[in-house]
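Here is what each chain is made of, one letter per residue.
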Amino acid sequence: LPLLLKATLLRLASGSYRPFYNGFYYNHIMNDNEDGQDKVDYFNGAKLVVETSKDPVYSYNGANVTLPCHYHYEPDLGPKRKIRIKWSKLRDDYTKEQDVLVAIGKTYMAFGDFKGRAHIHQASRHEASLVISDVHLKDDGKYRCEVIDGLEDESDVVDLRLQGIVFPYQPPRGQYRLNFHEAEQVCQDQGAILANFNQLFQAWSEGLDWCNAGWLADGTVQYPIRLPRKPCGGVHLAPGIRSYGPRHRHLHRFDAFCFSSALKGEVFYLDRLAGMTLEEAKQSCQDAGAEIARVGQLYSAWKFLGLDRCSAGWLADGSVRYPIVTPRANCGPAEPGVRSFGFPSKGRFGVFCYRER
């Protein structure tokens, strides 16, 4: 054992080993003089400062967005140095969740779902902004911009928020029938994703009041109450988000809170004098060069495009609904919203179709 330890120390001292490789060499590539000779990094006394937007950056599904990030030195070191840039997407508690992109000079590599959609924008000196193309619903969240210069490593966080709408969802089988994974799937089927807490809180602040508990993206079960009442936690509790906390993702069953963003296309209504069955409705949308709309698409059209129709229509999940922006007689309650007739097994109605622009 002593001989083996001695041999290992001699090998380390000789410098013949290669540094740990994680996609970039910290010594042989990053800190050389571009002539094959290694350069030793010493602290130069300058402070590296990284700054991102203090306000959230807003975008929507399908858009392109730039997350700003700039860095500088105090005092200024003059010409731009060769540095490393790393972007990560974080959990709400600021722990790292996934790598987005790493860059050295003009060379960069994007990871996972960000491949082909993310690149560095460096229009000015000391810029390290991240560009995300074709924004996805799951891109909503916090991002860390990290700048590494030799021994210096500084970062800052920027918040990307998608403009969207949260809606509660129950399947045709009725209330509290979904475990967590089924809730994820039904939201996806409706052109949406499970909402996160921040999205639910924003919806509550805008007036969402719903007494049925539903899954959120973090595996917790919660529901928003604006008007306290006995069946919804009691009349003596203040308005707010009621929480059941984390639940078992396979065994426990609740509804779902889904999140959908603005649309890249349009939702329109078709009808016949005698109405249509669900299958006839699907065919009518296809004949119009479209597809039958999903629930999330109808909610988005109502919120962002002002879709107002006092005529019930089929949707892809077999439900019948209609959106009201301006409440009026014979169009349901006195508040704006998307009205639902449930999942009728019979009946003839119009249909809401969705077509990409």
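Residues numbered from 1 in each chain as written. Predicted model: local features only at pLDDT ≥ 70, side-chain atom pairs only at ≥ 80, totals over all residues. Heavy atoms only, no water.

A. A look at the overall build of the protein chain. Helices and strands together make up the secondary structure of the protein chain, namely five helices and 23 strands. Taken over 357 residues, the protein chain has a buried fraction of 45%. By sequence separation, contacts in the protein chain at least 24 residues apart represent 60% of the contacts at least 6 residues apart. Entry remark: accessible area of the protein chain is about 19200 Å², with carbon and sulfur atoms responsible for 52%. (Helix = DSSP H or I, 4+ residues; strand = E, 2+ residues; numbered from the N terminus. Buried < 20%, exposed > 50% of the residue type's maximum accessible area, 1.4 Å probe, protein only. Contact = heavy atoms within 4.5 Å. Areas by Shrake-Rupley, 256 points an atom, 1.4 Å probe, with all protein chains shown as cover.)

B. Here's a closer look at the confidence of the model for the protein chain. Here the protein chain shows a mean pLDDT of 87. Residues at 70 or above account for 86%. This stretch, residues 4-34, has a pLDDT under 50; its non-local contacts, to residues over four places away or in other chains, come to 28 contacts. Here residues 38-42 is modelled with pLDDT under 50, and outside its nearest four sequence neighbours on either side it reaches ten contacts, counting other chains as well. (pLDDT = per-residue confidence, 0-100.)

C. Broad picture of the sheet that holds strand 5 (residues 84-90). The six strands lie next to each other as 2-11-10-5-6-7, forming an open sheet whose pairing is mixed. Two strands in the sheet have a free side with no partner beyond their single neighbour: strand 2 (57-59) and strand 7 (107-110). Strand-to-strand twist of the sheet, defined as the mean angle between neighbouring strand axes without regard to direction, takes the value 25°. In the sheet, strand 6 (residues 96-104) pairs with strand 7 via four bridges, with the strands oriented antiparallel. The residue of strand 7 that forms the bridge with I104 is T107. (Pairing = 2+ DSSP bridges. Axes fitted to C-alpha atoms, helices over the stretch in contact; angles between N-to-C directions.)

D. Highlighting the state of the cysteines. Counting across every chain of the model gives five disulfides. The side chain of C211 participates in a disulfide bridge whose partner is C232; the two sulfur atoms lie 1.9 Å from each other. Measuring the twist about the S-S bond at about -120°, one finds the C211-C232 disulfide to be left-handed. Here C211 is found in the loop between helix 3 (197-205) and strand 14 (214-215), whereas its partner C232 is found in the loop between strand 15 (220-225) and strand 16 (240-246), with 21 residues between them in sequence. Of the residues examined, C232 reaches a relative accessible area of 1% and is grouped as buried. The residue that forms a disulfide with C285 is C353, at a sulfur-sulfur distance of 2.0 Å. Judged by the sign of its S-S torsion, about -80°, the bond between C285 and C353 is left-handed. Pair noted here: C285 is in helix 4 (residues 278-287) and C353 is in strand 23 (residues 350-356), with a separation of 68 residues, a long-range link. Across the pair, C353 and C285 agree in class, each one buried. Each disulfide of the protein chain joins two cysteines, and with those cysteines numbered along the sequence the arrangement is 1-2, 3-6, 4-5, 7-10, 8-9. (Disulfide = S-S within 2.5 Å.)

E. View of the side chain of S260. Here S260 is to be found in strand 17 (residues 255-261). With a relative accessible area of 2%, S260 lands in the buried category. At 2.8 Å, the side chain of S260 forms a polar contact with the side chain of S300. Apart from residues lying up to four places away in sequence, S260 is in contact with L137, G164, I165, F167, G191, A192, G296 and S300. (Polar contact = N/O pair within 3.5 Å; in protein donor to acceptor, adjacent residues only side chain to side chain.)

F. View of the pairing of strand 9 (residues 129-132). With burial as the criterion, each face of strand 9 is covered, one bearing S129 and V131 and the other bearing L130 and I132. Examined bridge by bridge, strand 8 (residues 118-121) and strand 9 share four bridges and lie antiparallel to one another. Looking at the pairing, H119 lines up with V131 of strand 9.

G. Region of the structure containing the nonpolar core. Grouped together as the largest cluster of nonpolar side chains are 89 residues, with contacts concentrated most on L67, W87 and Y143. For this core, the element with the most residues is helix 5 (residues 295-304), which contributes five residues. Contacts of L67, omitting those with residues within four sequence positions, involve V57, W87, S129, L130, I132, Y143, V158 and L160. (Core = buried A, V, L, I, M, F, W, Y, C linked by side-chain atoms within 4.5 Å.)

H. Local environment of the side chain of D255. Within the secondary structure, D255 sits in strand 17. In this structure D255 is buried but unpaired, with R177 as the nearest side chain of opposite charge at 8.0 Å. At a separation of 3.0 Å, a polar atom in the side chain of D255 contacts the side chain of Q170. Here D255 is in contact with Y169, Q170, G174, Q175, Y176, L178, N212, A213, G214 and W215, once residues within four sequence places are set aside. (Lys, Arg positive; Asp, Glu negative; His and termini not counted. Salt bridge = Lys/Arg side-chain N within 4 Å of Asp/Glu carboxyl O.)

I. Main features of helix 2 (residues 180-189). Burial in helix 2 covers these residues: F180, A183, V186 and C187. Angularly, the buried residues of helix 2 cover 120° about the axis, an arc narrow enough to put them on a single face. The elements touched by buried residues of helix 2 are strand 12 (164-169), strand 13 (193-194), strand 14 and strand 17. Between the side-chain oxygen of the N-cap and the backbone nitrogen of H181 there are 3.1 Å, and the N-cap of helix 2 in question is N179. Positive phi appears at G191, one or two residues downstream of helix 2, with a value of about 70°. (Arc of directions from axis to C-beta.)

J. A look at the sheet that holds strand 8. In spatial order, the strands read 3-9-8; together these three strands make up an open sheet with antiparallel pairing. The open sheet has two edge strands with one neighbour each: strand 3 (65-67) and strand 8. Between one strand and the next, the sheet's axes are offset by a mean angle of 30°, whatever the strand orientation. Relative to strand 9, strand 3 runs antiparallel, the two sharing three bridges. Within strand 9, the residue paired with T66 across the bridge is V131.

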